[in-house]
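# Per-entry structural report
Single-letter residue listing:
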Amino acid sequence: GWAYHNVPGLSLPAHRNDTEQRARFIAEHTSLQDRSVLDLGCAVGGISGALAQHGAHVVGVDYDEESIAVARSLDAPGCAFYALAITKDNLAAMLPVDVCIWLSQWQWLLKQAGWQTATDMLRYISERADELWFDTPLGGMASAVMTQHGLTTCDDIMRLLHEHTRYTHIINHG
């Protein structure tokens, strides 16, 4: 099988090989020690595990049961993993949190559930997480659904976050 992102010590081939860099970037720009973190679309738990190494208490959620099984098998201290769809009902017991990590997954929610549900989830999360670390690819496999909704540039993503979250301090790290 394949993993979406690499995990140190895991020998599965991965589509992304920058897990440690992404986690390090987050850890360098926010305090994680003793903070609660929700990792939406955690896949095999690589970023979750790396953030836990910085002192966070991480809950990872992904709809893919095989990915969650791999994440659990890593036995990462400070992490718990759940095979669940990203819905308000499924996340209610896990919220609020200090930090939500939502990397490279929102576009799939948009594709599968539609604009209203995807933007409602952005608002819902923003009302229950002090910080949101968010990215969504503009190209690749999800580019058609992103383009269909006018999301073709980083400025479009910034507009999306300003219009559909409660956050006022939004930074584009490029």
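The structure we're discussing is the one just above.
Scope of this entry: the structure provided in the associated data block. Residue positions within a chain follow its written sequence, with the count starting from 1. Note on the predicted model: pLDDT of at least 70 is required for a residue's local features to be given, and 80 or more for side-chain atom pairs to be given and counted; whole-chain, interface and lining totals, by contrast, use all residues. The side-chain numbers reported here are obtained from all heavy atoms of the structure, hydrogens and water having been left aside.

## A short note on the overall build of the chain
Comment: elements are numbered from the N terminus, with helices defined as DSSP H or I runs of at least four residues and strands as E runs of at least two. Counting its regular elements, the chain contains eight helices and seven strands. Partly exposed residues are those whose accessible area sits between 20% and 50% of the maximum for their type, while under 20% is buried and over 50% is exposed, using a 1.4 Å probe and protein chains only. Within the span of the chain, comprising 174 residues, buried residues form 47% of the whole. By sequence separation, contacts in the chain at least 24 residues apart represent 57% of the contacts at least 6 residues apart. All accessible areas in this document rest on Shrake-Rupley with a 1.4 Å probe, and a residue is counted as covered only by the protein chains that are shown. In the form shown here, the chain has an accessible surface area of approximately 8800 Å², with 49% of it arising from carbon and sulfur atoms. Pairs of residues are marked as contacts when any of their non-hydrogen atoms sit within 4.5 Å.

## With respect to the packing of aromatic side chains
The geometry of an aromatic ring pair is captured by the separation of the ring centres together with the interplanar angle, meaning the angle of the planes. Centres within 6.5 Å make a pair out of two Phe, Tyr or Trp rings, where for Trp the six-membered ring is used; the pair is then stacked when the planes are under 30 degrees apart, edge-to-face when over 60, and tilted otherwise. Counting across every chain of the model gives four aromatic pairs. Arranged with centres 6.4 Å apart and planes meeting at 80 degrees, the rings of W106 and W115 form a pair that is edge-to-face. Given the relative accessible area of 27%, W115 is considered partly exposed. Judged by centre distance (6.1 Å) and plane angle (65 degrees), the rings of W106 and F134 are edge-to-face. Highlighted residues: W106 in helix α5 (residues 106-113) and F134 in strand β7 (residues 129-135), separated in sequence by 28 residues. Assessed through its relative accessible area of 16%, F134 is described here as buried.

## Comments concerning the pairing of strand β6 (residues 97-103)
β6 sits mainly inside the fold: six of its seven residues count as buried. Pairs of strands are assigned from DSSP output, requiring at least two bridges between the strands. With four bridges joining them, strand β3 (residues 36-40) and β6 adopt parallel strand pairing. Its bridge partner lying in β6, D39 is registered against I101.

## Topic: the layout of surface pockets
Here the term cavity refers to a set of points on a 1 Å grid, laid over the protein atoms alone, in which a 1.4 Å probe fits but cannot get out; the term pocket refers to an open set having protein on both sides within 12 Å along at least five of seven lines, with lining residues being those that place an atom within 4 Å of a point. Grid points are joined across faces, edges and corners, and a volume is the space filled by probe spheres set on the points. Space inside the largest pocket adds up to approximately 830 Å³. Only α1 (19-29), β7 and α8 (154-164) provide two or more residues apiece to the lining of the largest pocket. Counting residues per element, the lining of the largest pocket draws most heavily on β7, at six residues. Just so you know the grouping, Ala, Val, Leu, Ile, Met, Phe, Trp, Tyr, Cys and Pro go in nonpolar, Asp, Glu, Lys and Arg go in charged, and all remaining residues, Gly too, go in polar. When its residues are assigned to classes, the lining of the largest pocket shows 14 nonpolar, seven polar and four charged.

## Brief notes about the pattern of salt bridges
The rule for a salt bridge is simple: a side-chain nitrogen of Lys or Arg has to be within 4 Å of a carboxyl oxygen of Asp or Glu. As enumerated under the stated definition, the model contains five salt bridges in all. For the salt bridge of D135 with R22, the shortest nitrogen-to-oxygen distance reads 2.5 Å. In this pair, D135 sits in strand β7 while R22 sits in helix α1, placing the two residues 113 residues apart along the sequence. Overall, D135 belongs to the partly exposed group, its relative accessible area being 23%.

## Regarding helix α6 (residues 115-126)
Expected span of a helix: the number of residues minus one, times 1.5 Å. In a regular helix each residue adds 1.5 Å, so twelve residues correspond to 16 Å; α6 covers 17 Å between its end C-alpha atoms and thus fits that length. For α6, the complete set of buried residues consists of A118, T119, M121, L122, Y124, I125 and S126.

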